[in-house]
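Overview (structure and organization)
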Amino acid sequence: MSTTSSSNIRLSGASRVHLGAAYYPEHWPEDHWAKDIQLMREAGLTVARLAEFAWSTLEPAEGEFHLDWLDRAVSALASAGIESVLGTPTAAPPAWLVQRHPDLLAVDESGRRVQFGNRCHYCVNSPELHAATCRIVGAMAKRFGPNPHVIGWQIDNEYNRVCYCDRCRGLFQHYLAAKFGSLRALNDRWSTSYWSQTYSAWEQIPLPVGPHNPGLMIEFRRFVTASYRQFQRLQMDVLRPCLRKEAWITHNFMGWFDGLDHYEMTQDLDLASWDWYVGTGHHDYLTTGAAHDLTRGFKRRNFWLMETQPGNVNWSPVNNTLNRDEARAMAWHAVAHGADAVLYWQWRSALGGQEQFHGTLVDPSGQPRPFYREVQQLGRDLAAVPFLAGSTAPSDVALLNSYDSRWSIQWQRHHHEFDYVEHLLHYYRPLAARNIAADIISADAPLDGYKLVIAPTLTILNKSRATRLQDFVARGGHLVLTLRTGMKDADNALLPSRQPGPLADLAGVQVEEYYALLDPVPVAGEWFDGSSRLWAERLQVLGGAKTQIIARYGASNGWLDGYPAITAREQGEGEVKKIVCIEDEPDMARLIKLILERKGYDLTIAIGGQEGLEAIRRVKPDLVLLDLMMPDMDGWQVYGKMKADEEMKSIPVIIVTARAQSADRGLGLHIAKVKDFIVKPFSPQELLQSLERVNGRVYCVGTYLDDASQQSLLNHIVEAAGVEPVLETPPGVEARRRITASGQEVLIVINHERAEKSMGLPWLAREHLSNQSFIEGLKLAPYGVAVLTRFA
Ligand code: GAL
């Protein structure tokens, strides 16, 4: 197992991993609070989330603020050692506000005003809502911003409502005018001559209800996102000046919900969080891990699990309770994927309101439910592993996600079962089954540091996305392109080229035709003999030798028979032979020399600064190894000079460093600037692997393989990219790594099934949950969890 981390997602900075619950003291007489809080303490809770629906209690009439009760609740929690996260209550605008401004209520798709009395009933663009929001949020910010026990803030709750009122329509038209500049441009980019849609005045443009022009539909989603982002900003601008500098601001998103572009929405926030509910049935870790990884990818840092299910929900077809210990395994699953907090929704069943039958920790009588004991166990678990605070979940693989591609595909599926998220999971699950960690990040994010990037159905391929992928491969990365890639531009219009559009040269193939499949089609390859379902693309190899055909279609509809289904193309100038290593530490230089010369590389060791640059010019190497942390040199300056020099610019650099973690962390800050590979901290094995990776590779997968074949294909792709699993485990057992702030590797192993499991371990380990001093193999009880560090 590799002990180095080249992940982009690093920052955690958390001072502990929190355990908590949503608590609504306003539902109860104040003399009940002490018992609640005592039980929270005994369960090991460290945080409570309060107030996110409490508007009518906090401001019972316009401008009349009742904040004392909340102050008393925060203090009572604090005296039990429990911190608070406050929600702004805007998801529940109160009756008096709606009575005064009835058109603050949203209008639904059918043109009807939504009813008061549920949640999120507001029009996000209502000026009256904005004014009232600033008042209530301002009052809360002034009162609680300086409070040291309020560690963070959540804006609103699960944004989701789309409003179709006349005001929103007018604002949408303004948004379009600002974006397109002229109706001519809009008509042109949306091809409005089709079906006589040409607009001669902005006021003619409707809000799309149901299917509509693809350009209009995509812009409407962007407009809805922009509206929510503005509403969120409004609240942040009121909050921020009053908050302590340590306090963060988040919003609780809903995993794969696609009503908004979450990369846009999280840009302004400090932290991303999400709400995870299983509903009917049981959780499937091979799938749910992706939603955690998605949320971690929003801010490219650890996240909070702001709500999760205490046993059961109340809104699903069958509100079954999770098996005993299943929720504990789920909590550890979230932590293993980078959650810095797990909060249950909710603490205690309210006597009234719409959610009377939802699971809680404490029942309406105020007594702990059986489930409470499981949370208590989790409280003990987390107390036993304080070293997890500030740790991160590294990975060498990135899966790219883009909301515009997703919207585009979902609106024009072509095969009703072709689902964007399912397709992404078709690539995620085989990785998860092998315990290969992946980041799920925006298709517009930097790709430095990854060995393998998978771009599932990246339909909307603009220039900057294409360039980023080309650069990644040029630096030696392995890239997987899948179905329906590179078909459209940012206006959701077809590109006037064959797939994969601007990436055809890089991939060495283009798609001659695509087929929605009624029946599976046979596909045979080097590593599998299987079938394709839903979708098949007929690939045409462009210009020969470098493109290898990995699989072909068998006999089927005639159009596909015998044609390439999967290809791989090597990129790069071939093998690395000549290397200049810039280093001014004799021991390090000797070590590198020893490793590389034994492998037959032609190596020049140069002392940093000017001499290093001259050596590069003289030798013209295939590759440069550069130690950024040389004691007497500024490696960044050397790097900068080299990249500024036309002659040297294109020579790839591998950055090596053997420095301690403190220096390493300094390096982390600069990562975004580095275009080349990073090997850190230095390990001979990793270095040799990186040299091999100087040749990039692009796979073009034109088929939707059956699950077993997909697993074989991905096993191969992962191995060729030099990506290693965290640990080999039996099916149903997940293993993940977190790396602590001091660089220590922590292994989290979770049995997600109801049967006992045993497995070997890569090293002698100390087990922190059962307090064994060391073990050689691991036995996990049903839903059992082990947290391991190396036995020193
Ligand atoms: C969430 C919501 C919570 C609660 C929960 C019940 O979507 O944010 O307030 O209603 O569902 O499962």
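Our subject is the structure listed above.
A short tour of the structure in this document, coming up. (Residues numbered from 1 in each chain as written. Predicted model: local features only at pLDDT ≥ 70, side-chain atom pairs only at ≥ 80, totals over all residues. Heavy atoms only, no water.)

Digging into the pattern of salt bridges
Taken as a whole and assessed by the stated rule, the structure comprises 44 salt bridges. Here Asp-36 makes a salt bridge to Arg-348, at a shortest N to O gap of 3.3 Å. In this pair, Asp-36 sits in helix α1 (residues 33-43) while Arg-348 sits in the loop between β9 (339-344) and α12 (370-383), placing the two residues 312 residues apart along the sequence. (Salt bridge = Lys/Arg side-chain N within 4 Å of Asp/Glu carboxyl O. Helix = DSSP H or I, 4+ residues; strand = E, 2+ residues; numbered from the N terminus.)

Comments concerning the environment of Val-397
Following the sequence through the fold, Val-397 ends up in strand β10 (residues 397-401). Remark: the alpha-carbon pair of Val-397 and Leu-461, spanning 64 residues in sequence, is separated by 20 Å. Discounting chain neighbours no more than four positions away, the residues touching Val-397 are Leu-431, Ile-436, Ala-437, Ala-438, Asp-439, Tyr-450, Leu-452 and Val-723. (Contact = heavy atoms within 4.5 Å.)

Regarding the layout of surface pockets
The calculated volume of the second largest pocket comes to roughly 720 Å³. Lining the second largest pocket we find 26 residues, and of these His-27, Phe-53, Arg-119, Gly-353 and Gln-354 sit closest to its centre. Here the lining of the second largest pocket is built from residues that sort into 11 nonpolar, 12 polar and three charged. (1 Å grid on protein atoms, 1.4 Å probe; cavity = no way out; pocket = protein on both sides within 12 Å on 5 of 7 lines; lining within 4 Å. Points joined across faces, edges and corners; volume = space filled by probe spheres on them. Nonpolar A, V, L, I, M, F, W, Y, C, P; charged D, E, K, R; others polar.)

Brief notes about the packing of aromatic side chains
Tallied over the full model, the rule gives 26 aromatic pairs. Aromatic rings pair up to connect Tyr-159, Tyr-228, Phe-253, Tyr-263, Phe-298, Tyr-403, Trp-407 and Trp-411 into one cluster. Between the NZ or CZ atom of Arg-348 and the centre of the ring of Trp-28, over which it lies, the distance is 3.7 Å. Positioned over the ring face of Phe-418 is Arg-484, at 4.7 Å from the centre of the ring. (Phe/Tyr/Trp six-rings, centres within 6.5 Å; stacked < 30°, edge-to-face > 60°. Lys NZ or Arg CZ within 6 Å of the ring centre and 35° of its normal.)

A word on the site of the ligand
Every residue lining the ligand is accounted for by Phe-53, Arg-119, Asn-157, Glu-158, Asp-275, Tyr-277, Glu-307, Trp-315, Trp-345, Glu-355 and His-358. For the ligand, an oxygen atom lies 2.8 Å from a polar atom in the side chain of Arg-119. The side chain of Asn-157 places a nitrogen or oxygen atom 2.9 Å from an oxygen atom of the ligand. Look at the ligand: alone it shows 310 Å² of surface, and the protein chains cover 93% of it. The residue inventory of the shell around the ligand, partitioned by class, reads four nonpolar, two polar and five charged. (Near = heavy atom within 4 Å. Polar contact = N/O pair within 3.5 Å; in protein donor to acceptor, adjacent residues only side chain to side chain. Areas by Shrake-Rupley, 256 points an atom, 1.4 Å probe, with all protein chains shown as cover.)

Topic: the sheet that holds strand β28 (residues 757-767)
Taking strand neighbours across the sheet as the criterion, the five strands line up as β26-β27-β30-β28-β29 in an open arrangement whose pairing is antiparallel. In this open sheet, the two edge strands, each paired with only one partner strand, are β26 (733-739) and β29 (775-780). Strand after strand, the sheet turns through a mean of 30 degrees between neighbouring axes, direction not considered. Relative to strand β27 (residues 745-751), β26 runs antiparallel, the two being bridged by seven bridges. From the neighbouring strand, Arg-738 faces β27, where its bridge partner is Val-746. (Pairing = 2+ DSSP bridges. Axes fitted to C-alpha atoms, helices over the stretch in contact; angles between N-to-C directions.)

What to know about the side chain of Thr-360
Assignment of secondary structure puts Thr-360 in the loop between β9 and α12. Of note is the side chain of Thr-360, whose polar atom sits 3.1 Å from the side chain of Ser-349. Only 2.7 Å separates the side chain of Thr-360 from the side chain of Arg-369, close enough to count as a polar contact. When residues no more than four places from it in sequence are discounted, the contact partners of Thr-360 are Pro-310, Gln-346, Trp-347, Arg-348, Ser-349, Arg-369 and Phe-371.

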